[in-house]
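Fold and contact review
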Amino acid sequence: MLAGLQNVTFEFGARTILQDATWHIQPNERIGLIGYNGTGKSTLLKLFVGAYTPSAGTVERSKTTTIGYLHQDLLSFETTGSILTVALGAFEKVLQLEKEIEQLGLELEKNPNDNALLHLYSDKLHEMDVLDGYNIHHQTEEVLQGLGFSNADLQRPFSEFSGGWRMRVLLAKMILQQPDLLLLDEPTNHMDLPSIEWLEKYLTHYKGSVVIVSHDKYFLNRMVTKIVELYQRELHIYNGNYSFYETEKEQRVELQQRAYENQKDYIRQQERFIERFKAKASKAAAAQSAMKRLDKLERIEDVEIERPNIKINFRVDKTPGKVLVTLKDVRKNFGKINIVDHASAEIDRGDKIALIGANGKGKSTLLRIIAGAETFEGERVWGHNVEESFYAQHQLEALDVNNTVLEEMKLCGSQKNDLELRILLGCFLFSGDDVDKKIKVLSGGEKARVALAKTIVSKANFLMLDEPTNHLDMHSCELLIDALNKYEGSFILVSHDRYFISKTANKIWEIDDHQIREFKGPYEEWVAWKERKAASEAALTSAENAGRNKNNNAGTERSKGQPPSPKVPSGAINKDQKKELQKQQRIFQQLEEKIALLTRQKIELEASLTRPEIYSDKNKFAQAESAYKNAFGELQKLNREYEVIFEKIMDLEAS
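A short tour of the structure in this document, coming up. Keep in mind that what you see is a predicted model, and the values were worked out from it rather than measured.

Each aromatic ring pair is described using two quantities: the centre-to-centre distance and the angle formed by the ring planes. One pass over the full model with this rule turns up 15 aromatic pairs. With centroids separated by 5.3 Å and ring planes inclined at 85°, the aromatic side chains of Trp23 and Phe48 adopt a geometry described as edge-to-face. Separated by 25 residues along the polypeptide, Trp23 in strand β2 (residues 15-25) and Phe48 in helix α1 (residues 41-49) bring together distant segments of the chain. For the pair shown, Trp23 and Phe48 are each scored as buried. Relative to Tyr206, the ring of Tyr202 lies with its centre 6.0 Å away and its plane at 45°, an arrangement referred to as tilted.

A few words on helix α13 (residues 418-427). Taken as a whole, α13 has its buried residues at Leu421, Leu424, Leu425, Gly426 and Cys427. Next to the buried residues of α13 lie α12 (405-410), α14 (444-457) and α15 (474-486). For α13, the N-terminal cap is Asn417; the gap from its side-chain oxygen to the backbone nitrogen of Leu419 is 3.1 Å. Just downstream of α13, Leu429 is the residue with a positive phi angle, here 70°.

By way of backbone hydrogen bonds, the strands of a sheet pair with one another, either parallel or antiparallel. Spatially, β2-β1-β4 is the arrangement adopted by the 3 strands of the open sheet, whose pairing is antiparallel. Of all the strands in the sheet, the pair left with one neighbour each is β2 and β4 (56-61). Here the average twist between neighbouring strands, direction ignored, is 20°. Relative to β2, strand β1 (residues 3-12) is paired through 7 bridges, and the arrangement is antiparallel. What sits directly across from Phe10, in β2, is Leu18. Sheet strands touched by α1: β1, β2 and β4. Its angle to β1, the strand with the most contacts, is close to 125°.

What counts, and where the lines are drawn
Residues numbered from 1 in each chain as written. Predicted model: local features only at pLDDT ≥ 70, side-chain atom pairs only at ≥ 80, totals over all residues. Heavy atoms only, no water. Phe/Tyr/Trp six-rings, centres within 6.5 Å; stacked < 30°, edge-to-face > 60°. Helix = DSSP H or I, 4+ residues; strand = E, 2+ residues; numbered from the N terminus. Buried < 20%, exposed > 50% of the residue type's maximum accessible area, 1.4 Å probe, protein only. Contact = heavy atoms within 4.5 Å. Polar contact = N/O pair within 3.5 Å; in protein donor to acceptor, adjacent residues only side chain to side chain. Pairing = 2+ DSSP bridges. Axes fitted to C-alpha atoms, helices over the stretch in contact; angles between N-to-C directions.

Here's what the structure looks like:
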């Protein structure tokens, strides 16, 4: 066991978060921690890391267990260093070792005949080798790039980046530390799709255990094999992914409700019996026994409806023309960064478009162009009878900070009464007295939910939504999905939530090569099409490479006066694969020979650093040390190539 809770009770004032809960995390587990907003999921993670102490019970942690905890509070971390420096902080021991080696090198220059110093220096070099210390820069850059940073970003100060990008740097640092247990609180917030896909691949092969709090069902389904739900102050465990949980949960709730109703009937019967016979001498003993049974009875709780099962309803006053928006020859750039160049597109009535892609491609910029909130070159033509509503992060600035949440909603002109507005706000996680809070005291996420609610309550027939699910929990996401599916108008949205996109969009837009590429179909069909396209392009490239090799061979034969080889049809894929396999096997053999040779050289160079004739001569020692580091670095590079070629050979043999 890595960590666990044993009969833990935890309370915030009069509110009980956990009641007598037990949960043990084993090695190599992939766990999704779920529950309604406000039930205490983040609090539960803080119990594991010791940030909170339970009211009763024990939090168990192995003395050797290392825990990495990613949470939103980390955004308060400040530094003047670059993002590369921050991420390299994961290798604290190696960085300290580097300083020690550098200091020992300076001391050896002054005392070249100090054998004790030399042996210590040699030991430190060996320790660096064992820790793979010469490879930490490569590893760090690889992880940062996987999370969406460019090479140019790596030396930029951490303080220059927005909250979402800072969180990625801290996630990179945590990944590089490789703790036994990773606790990730909403890790995909503010990530684009390529970065989420990279994180999925990484976590799939992660050797430790992972606990994930996320509202992204698609992410949970792909990542976890166990669900732990915080419900009614207890932990309920489901051995499967999120889809399994949904099915199993429904069955458990039904059984609990049935058991509760049966027990309620039993209690009612017993109470009637007691009331009827407690004063009757002949039945008093039986009535007394019935009372004792009821006192000892362990009561089954009613199924709590923690969130009302209400619906969000859109109202559309006007029907627009067939074409809502036309973009013609649109051009937009920020300095040298080109977003779209001579791009054209059209949004028709009934379109429900998801605009997707990597961060930095210009999705939000294009949305602002469509909304008329961004300057650009070209033409944007608005259709007949179009009434638009635009939700984006900057819409928060339009909220009147002196209004209450309810007062702000009344300004939308929806003609809904207070009760209707309160019900709608409940869908966006504002309940009870929350609606009477002033806008100025709300958090950024709460303000975003108010702005989204205002967008939804409008009578617009065309919605533009930029990351609408960022501050919603699963239940609210489902309500929004249901509403958008019933919505009679049209919309275009930017989102990184693949589940949300798959349930709402009937078209996919992607900014590719500064153009707007449209795919007419839902998200799953677009993904399948992209995979087929990538496979086709890879096969074509392989065939072209094989063709070039044949042409080169034919040229060699002709230069020797030999007749050219017969032309092989482009469809002869099996022969091409066979030749490619033979080629990769030759490369593999050459790499093995190079690695063996370089390994011997590294061992010899390491030994040479301890020879008196080397360490007593400052120049010879510096040359030997430099040669050792170069050999080590080259060996690391060859080993990575070795792994890549090995995988290629496996793939070719499998096909």
